[in-house]
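Each chain, letter by letter, is given below.
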Amino acid sequence: YLNLVPYGGPIEGVGAASRIYFHRSPKDLSLSESLLLAVIPQSPQRRSLTQGGEAQNTSLLSARERLLRRWIEKNPSDQDRLVNL
């Protein structure tokens, strides 16, 4: 699934999205970047980092923040791994 999941436009797969959006492989992403990529496939046309304007970025970042809060609740020791985008 992760190799085929849509990330908006012609971008398919977490590997391609990681390299296009962050210029590195998925294993080198920060927790914040990984969570950002986790929410794009829920609505790839609306949340793509390559398309749209501020409204799309707001939707994308809002979804990531909700997931981030849930992650930290369950994994409080990961708080120090957070990097702002």
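The preceding data block contains the structure.
Below is a summary of the structure that appears in this document. Think of each chain on its own: its residues are numbered from 1, step by step along the sequence as written. With the structure being a predicted model, the display of local features is reserved for residues of pLDDT at least 70 and the display and counting of side-chain atom pairs for 80 or more, all residues being used for whole-chain, interface and lining totals. Hydrogens and water molecules were not included; the side-chain quantities draw on all heavy atoms of the structure.

Packing of helix H1 (residues 14-22) against helix H2 (residues 31-39) leaves a shortest axis separation of 11 Å and a crossing angle of 120°. Looking at the two axes, H1 sits oblique to H2. Regarding H1 and H2, the two cross each other, and that crossing is right-handed. Side by side, H1 and H2 meet where Val14, Ala17, Ser18, Tyr21 and Phe22 of the first sit next to Glu33, Leu36 and Leu37 of the second. Of the residues contributing to the contact of H1 with H2, the split by class is six nonpolar, one polar and one charged. A fitted line through C-alpha atoms represents every axis, and for helices the fit uses only the stretch in contact; the resulting angles, taken between N-to-C directions, go from 0 to 180 degrees. Under the scheme used here, helices are H or I runs from DSSP no shorter than 4 residues and strands are E runs no shorter than 2 residues, and both carry numbers assigned from the N terminus. Any angle that falls under 35 degrees is termed roughly parallel, while one over 145 is termed roughly antiparallel, one within 65 to 115 roughly perpendicular, and all others oblique. Two helices cross in a left-handed way if the nearer one is turned anticlockwise from the farther one by less than a right angle. They cross in a right-handed way if the turn is clockwise. In what follows, a contact means two residues having at least one pair of non-hydrogen atoms within 4.5 Å. Basically, the charged four are Asp, Glu, Lys and Arg, the nonpolar ten are Ala, Val, Leu, Ile, Met, Phe, Trp, Tyr, Cys and Pro, and anything else, Gly included, counts as polar.

What follows is about unusual backbone geometry. At His23, a position not held by glycine, the phi torsion is positive, near 60°. Tracing the chain through its elements places His23 in the loop between H1 and H2.

Moving on to the side chain of Asp78. Turning to its location among the elements, Asp78 is positioned in the segment after helix H4 (54-74). Separated by 2.8 Å, the side chains of Asp78 and Trp71 make a polar contact. Setting aside its immediate chain neighbours within four residues, Asp78 contacts Leu31, Trp71 and Ile72. Pairs of N or O atoms are called polar contacts if they sit within 3.5 Å, as long as, within protein, a hydrogen donor faces a hydrogen acceptor (for residues adjacent in sequence, only side-chain-to-side-chain pairs).

Moving on, we get to the pattern of salt bridges. Just to be clear on terms, a salt bridge is a Lys or Arg side-chain nitrogen sitting within 4 Å of an Asp or Glu carboxyl oxygen. Using the criterion set out here, one finds three salt bridges in the structure. One salt bridge in this structure joins Glu33 and Arg24, with 2.4 Å as the shortest N-O distance.

Considering soluble globular proteins, one finds that nonpolar side chains tend to be buried as a cluster. Formed by 14 residues in total, the largest nonpolar core has its most connected members in Tyr7, Ala17, Tyr21, Phe22, Leu37 and Ile40. Listing elements by their share of this core, those giving two or more residues are H1, H2 and H4. A per-element tally of this core places H1 first, with four residues. Here, nonpolar core means buried Ala, Val, Leu, Ile, Met, Phe, Trp, Tyr and Cys residues that are tied together by side-chain atoms lying within 4.5 Å of each other. When a residue's accessible area, from a 1.4 Å probe over protein chains only, is under 20% of the maximum for its type it is buried; when over 50% it is exposed; and in between it is partly exposed.

What H1 keeps buried is the set Val14, Gly15, Ala17, Ser18, Tyr21 and Phe22. For H1, the arc enclosing every buried residue in end-on projection is 165°, short of the 170-degree limit, so these residues lie on one face. Along its buried surface, H1 packs onto H2. Trailing H1 by a residue or two, His23 shows a phi angle of about 60°, which is positive. This arc is built from the directions going out from the helix axis to the C-beta atoms.

This part is about the environment of Leu29. Relative to the elements of secondary structure, Leu29 occurs in the loop between H1 and H2. The exposure class of Leu29 is buried, given its relative accessible area of 12%. Here the alpha-carbon distance between Leu29 and Ser18, two residues 11 residues apart in the chain, equals 7.7 Å. With sequence-adjacent residues up to four places away left out, Leu29 is seen in contact with Ser18, Phe22, Arg24, Ser34 and Leu37.

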